[in-house]
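Examining the three-dimensional arrangement
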Amino acid sequence: MNDMNTTNEKVRCLIIGSGPAGYTAAIYASRANLSPVLYEGIQPGGQLTTTTEVENFPGYPNGITGPELMEDLKKQAERFGADIRGGIATAADLSTAPYKITIDGEKVIETESLVICTGATAKYLGLPDEAKYAGMGVSACATCDGFFYRKKTVAVVGGGDTACEEALYLASLAKQVYLRASKVMQERVFNAPNITVLFEHNTVGLFGENGVEGAHLVKRKGEADEENVDIAIDGFFLAIGHKPNSDIFKPWLETDEIGYIKTIDGTPRTKVAGVFAAGDVADPHYRQAITAAGSGCKAAIEVERYLSEKGL
């Protein structure tokens, strides 16, 4: 794995990823005198750095922006001595301890314990307008942002169970929910009076002056009776799934069919002793900042116990 251009460093605890799970693991590991090293990954601070207002994280009664929340967590970890660095994990060798993680294709870190907090990336349609209106009406998390659309009109893109769940959640808040569906929906979706299912519709763009005001749709795209349709909306929610950032670990760890790392008995433990997974990379269900932080806490406590038992 190593060559003449690589340099090695040995650590007791290595944390990969810097969202709520990673930073919380670093806080707990630092306070336990484990001298953790954390690499922030491709998106320092994780997905919350792309979120404007966070109102459901305990301890912030007036809300806080995502970047500010992540900066607070980072500073707290650094206060207790966590070594936080920029860099991306590009390869892994978990065949035997100490485990070897390659950073940026160059430096190899040998670690006695590993906490994987690499998160999961929301899938988007790939429309330029999604980036244009990021934080201005485009969201990939109804639970996170639905409250901001109380009594407003929103659209949900997706055709699976996740889209149904997001639409039903939003229906309890919003005035009107449009759901772009590609297969038969569950009966409760049809029974919701303020959900309109738009079968055979594809989103091709968004429009608005200072945020999302509507969506450009095409009905029966590519067919002879193709029809352009515009709908007025205040929010555009993506519900087409997430991709866990777990590829480099798959040769060594068990994952589900989507790529979420499987953990043992509701703990952060993986099938490899001394390797733990926390946050969205191991959570296909909740994907909230507070649940990620909680799992980061548990992972750090497990690391402390593991190293103690090994006399490390």
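Every chain's residues receive numbers from 1 upward, in the order its sequence appears when written. Only residues with pLDDT of 70 or above have their local features reported here, since the model is predicted, and side-chain atom pairs are shown and tallied only from 80 upward, although totals for entire chains, interfaces and linings are computed over all residues. Computation of side-chain values covers all heavy atoms of the structure but excludes hydrogens and water.

**A word on helix H5 (residues 161-171)**
- Of all the positions in H5, only Ala163, Cys164, Glu166, Ala167, Leu170 and Ala171 are classed as buried. Taken down its axis, H5 places every buried residue within 165° of arc, on the same side.
- Note on contacts: a residue pair is in contact if any heavy atoms of the two residues lie within 4.5 Å. Elements are defined by DSSP. Helices are runs of H or I of four residues or more, strands are runs of E of two residues or more, and each kind is numbered from the N terminus. Buried residues in H5 make contact with helix H4 (142-145), strand E11 (153-157), strand E12 (176-181), helix H6 (187-191), strand E13 (195-199) and strand E17 (235-238). To sort residues, take the accessible area from a 1.4 Å probe on protein chains only and compare it with the maximum for the residue type: under 20% means buried, over 50% means exposed, and anything in between is partly exposed. Relevant arc is that of directions from the helix axis to the C-beta atoms, nothing else.

**Observations concerning the state of the cysteines**
- A pair of sulfur atoms, both from cysteines and within 2.5 Å, is called a disulfide here. Overall, the coordinates contain 1 disulfide when judged by the stated rule.
- Paired by a disulfide, Cys141 and Cys144 hold their sulfur atoms 2.1 Å apart. Its S-S torsion of about 70° marks the bond between Cys141 and Cys144 as right-handed, since a negative value means left-handed.
- With relative accessibility at 16%, the residue Cys141 sits in the buried group.
- With no disulfide of its own, Cys117 lies closest to Cys13 among cysteine sulfurs, the gap being 9.3 Å.
- Under the relative-accessibility criterion, Cys117 is labelled buried at 7%.

**Overview of the confidence of the model for the chain**
- Confidence in the prediction of the chain, expressed as mean pLDDT, is 93, and 96% of residues score 70 or more.
- In this model, residues 1-5 is a region of pLDDT below 50 whose contacts with residues beyond four sequence positions or in other chains number 6 contacts. Values of pLDDT, ranging from 0 to 100, describe the predictor's confidence in every residue of the model.

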